[in-house]
Amino acid sequence: MHEPESQSIQAARSGDQQAFRRLVQAHTRPLFCVCVRILGDAASAEDALQEAFLSAWRGLDRFDQRSAFGSWLHRIAVNAALTQLRRRRPELPLDLFDDDASGEQLPALDGDPLEHAVGAQFGMHLAVQLETLSAAERSAFVLRHFEHYPLDQIASVLGCNVNACKQAIFRAVRKLRLALAPIRSNS
């Protein structure tokens, strides 16, 4: 952790709201992006972020500095987004257990401008299809493929074991591949 952040954390722990504001400003954008990906809309993501920052402020004394401050905030924000998702769609339980798992990934879209345009269209369809996944599948998929979290960190955030995490990612990839196959074949 670099020194200014360390000093801001210490000052915030002493009640300095400006120091906490500096910490929040440094991490807001990436946290907002992950919340939008999990929740599917900006307004809900903003609400989740507000809850996350309030929780972080209240729990700042529990931050033990073994991990990076940004990682700690990320876990709080993801949990706030999941809570919001469960409130909004209680029929989608956080069901992490299934029978088969693998490290499959969706193909990356690289290349010329035409392929980037196809990629943008694909991205819009992907966002729609993410809405159809369970909370666990969507969260695990977003954390793995958008945020590039390691499996053990995803499992920690979601409160499950690594195998259950792998299964949730595998199910998400399988469902997304099936739903997006016609779009990929047309491009």
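Structure first, text after, so check above.
The paragraphs below set out a description of the structure included in this document. (Residues numbered from 1 in each chain as written. Predicted model: local features only at pLDDT ≥ 70, side-chain atom pairs only at ≥ 80, totals over all residues. Heavy atoms only, no water.)

Some words on helix α3 (residues 42-58)
Here α3 is 17 residues long and its end C-alpha atoms lie 24 Å apart, about the 24 Å a rise of 1.5 Å per residue gives. Within α3, burial applies to S44, A45, A48, L49, A52, F53 and A56. At the N-terminal boundary of α3, the capping side chain belongs to D41, with an oxygen 3.3 Å from the backbone nitrogen of A43. (Helix = DSSP H or I, 4+ residues; strand = E, 2+ residues; numbered from the N terminus. Expected span 1.5 Å × (residues − 1). Buried < 20%, exposed > 50% of the residue type's maximum accessible area, 1.4 Å probe, protein only. Polar contact = N/O pair within 3.5 Å; in protein donor to acceptor, adjacent residues only side chain to side chain.)

Here we look at the packing of aromatic side chains
Using the criterion set out here, one finds five aromatic pairs in the structure. On the numbers, 5.3 Å between centres and 85° between planes, the contact of F63 with F69 is edge-to-face. For the pair F63 and F69, a shared accessibility class is recorded, and that class is buried. Each member of the aromatic cluster is reached from another via a ring pair, and the members are F63, F69 and W72. (Phe/Tyr/Trp six-rings, centres within 6.5 Å; stacked < 30°, edge-to-face > 60°.)

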